[in-house]
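Read off the chains here:
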Amino acid sequence: MTAPVPEDKLRLGGMALRNGLLVHGPTHWAAAIRTRDGGIEVASGRKPDLGAGATEGLPGVRGVAKLAEAMMVIPLVKRALPAARLPMQDVRTLGAMGAAALAGQTVRRAARSVAARETMVALISVAPALMALRSGDLAAYHGVEHKAIAAYEDDGDAADALKEHDRCGSHLVVPMLTAAAFGNVAVRRAGLRGPAAEAVVGLGSAAVAVEVFAWSERHPDSAMTRLLRRPGHEIQRAVGTREPTSEQLEVGRAALAEILRVEGAPA
């Protein structure tokens, strides 16, 4: 079980790239990538502010605001590091996303039971993300993300840290899919259809998942937390992460050093 973030450490998050690592700090982001010629490029900047701090006391809203701020960092990374390859920046993954959308529509037309239909659609929707994570380099840099942050928090060496982490976004998958399935059943039984209804369900399921995630972090030793985290750990272990090479860990250390520099934190 991963201990809470020490009080003298920054709370860091991250996102694996296909050729590097993006790290989020409280106010800044930093990224490092391995270029085609073998070098390392590093960039950083201030995170967009959508008022996530002001919504900290509003359950549901705070999670969506934080996720939105994290998403807004991505184009900033691409602008600063054009050679950065995003997780979904892959022809096969994009094809899988299109196929999943078509499959979801087919299931909605064919299945008679609303509950069964929406459960199947929710499961289909996560397939492209799992396919993306199966990519060797992306899975390895996902491991780099976990190992670099864990090593920083524990004052250890990234090479010795576990490639699975209790704050990984994989722990959002099951609560988000569950909330989405129940939400879609509810809106369809209410006779609601269209993009607006789907957007409301999407935002609501993300908000629920973030609140479940936050509750688990506040109660790390409870049996419910262990149950909630088990699917996420299995996703990480079986699909989402792999042990990185020393060269990939070097990229992670560069990203970590840069986020500590711009946040003004001791290395």
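Located above this text is the structure these notes cover.
Residues numbered from 1 in each chain as written. Predicted model: local features only at pLDDT ≥ 70, side-chain atom pairs only at ≥ 80, totals over all residues. Heavy atoms only, no water.

### Things to note about the sheet that holds strand β2 (residues 20-24)
Then comes step 1: Strand order in the open sheet formed by four strands is β1-β2-β3-β4, with antiparallel pairing between adjacent strands. Two strands bound the open sheet, and with one partner strand each, they are β1 (13-17) and β4 (40-46). Put simply, the sheet's adjacent strands are angled 15 degrees from each other on average, direction ignored.
Then comes step 2: Here β1 runs beside β2; their pairing, made up of five bridges, is antiparallel. Looking at the pairing, Leu17 lines up with Gly20 of β2.
Then comes step 3: Relative to the sheet, helix α1 (residues 61-80) contacts β1, β2, β3 (28-34) and β4, its axis offset from that of β3 by approximately 45 degrees.
Then comes step 4: Contacts between helix α9 (residues 246-262) and the sheet are confined to β2, β3 and β4, with β3 contributing the most and set at about 155 degrees to the helix. (Pairing = 2+ DSSP bridges. Helix = DSSP H or I, 4+ residues; strand = E, 2+ residues; numbered from the N terminus. Axes fitted to C-alpha atoms, helices over the stretch in contact; angles between N-to-C directions. Contact = heavy atoms within 4.5 Å.)

### Observations concerning the nonpolar core
Then comes step 1: Ranked by size, the top nonpolar core spans 22 residues in total, and within it Leu10, Leu12, Val23, Tyr152, Leu256, Ile259 and Leu260 carry the most contacts.
Then comes step 2: Ranked by residue count, the leading element in this core is α9, at seven residues.
Then comes step 3: Setting aside chain neighbours within four positions, we find Leu10 in contact with Val5, Pro26, Tyr152, Leu260, Glu263 and Ala265.
Then comes step 4: Leu17, Ala31, Ile33 and Leu81 belong to the second-largest nonpolar core, a separate cluster that totals 13 residues. (Core = buried A, V, L, I, M, F, W, Y, C linked by side-chain atoms within 4.5 Å. Buried < 20%, exposed > 50% of the residue type's maximum accessible area, 1.4 Å probe, protein only.)

### Digging into the pattern of salt bridges
Then comes step 1: The tally for this structure, following the rule as stated, stands at eleven salt bridges.
Then comes step 2: Residue Arg167 pairs with Glu153 through a salt bridge whose shortest N-O separation is 2.5 Å. Taken as a pair, Arg167 in the loop between α5 (136-154) and α6 (173-189) and Glu153 in helix α5 lie far apart in primary sequence, 14 residues in all. Here Arg167 matches Glu153 in class, with each residue buried.
Then comes step 3: In this structure, Arg253 and Asp157 form a salt bridge, with 3.1 Å as the shortest nitrogen-oxygen distance. A residue pair is termed long-range when its members are at least 10 positions apart, and Arg253 in helix α9 and Asp157 in the loop between α5 and α6 qualify at 96 residues.
Then comes step 4: Taking the relative accessible area as the measure of exposure, Arg253 reaches 39% and is therefore partly exposed. (Salt bridge = Lys/Arg side-chain N within 4 Å of Asp/Glu carboxyl O.)

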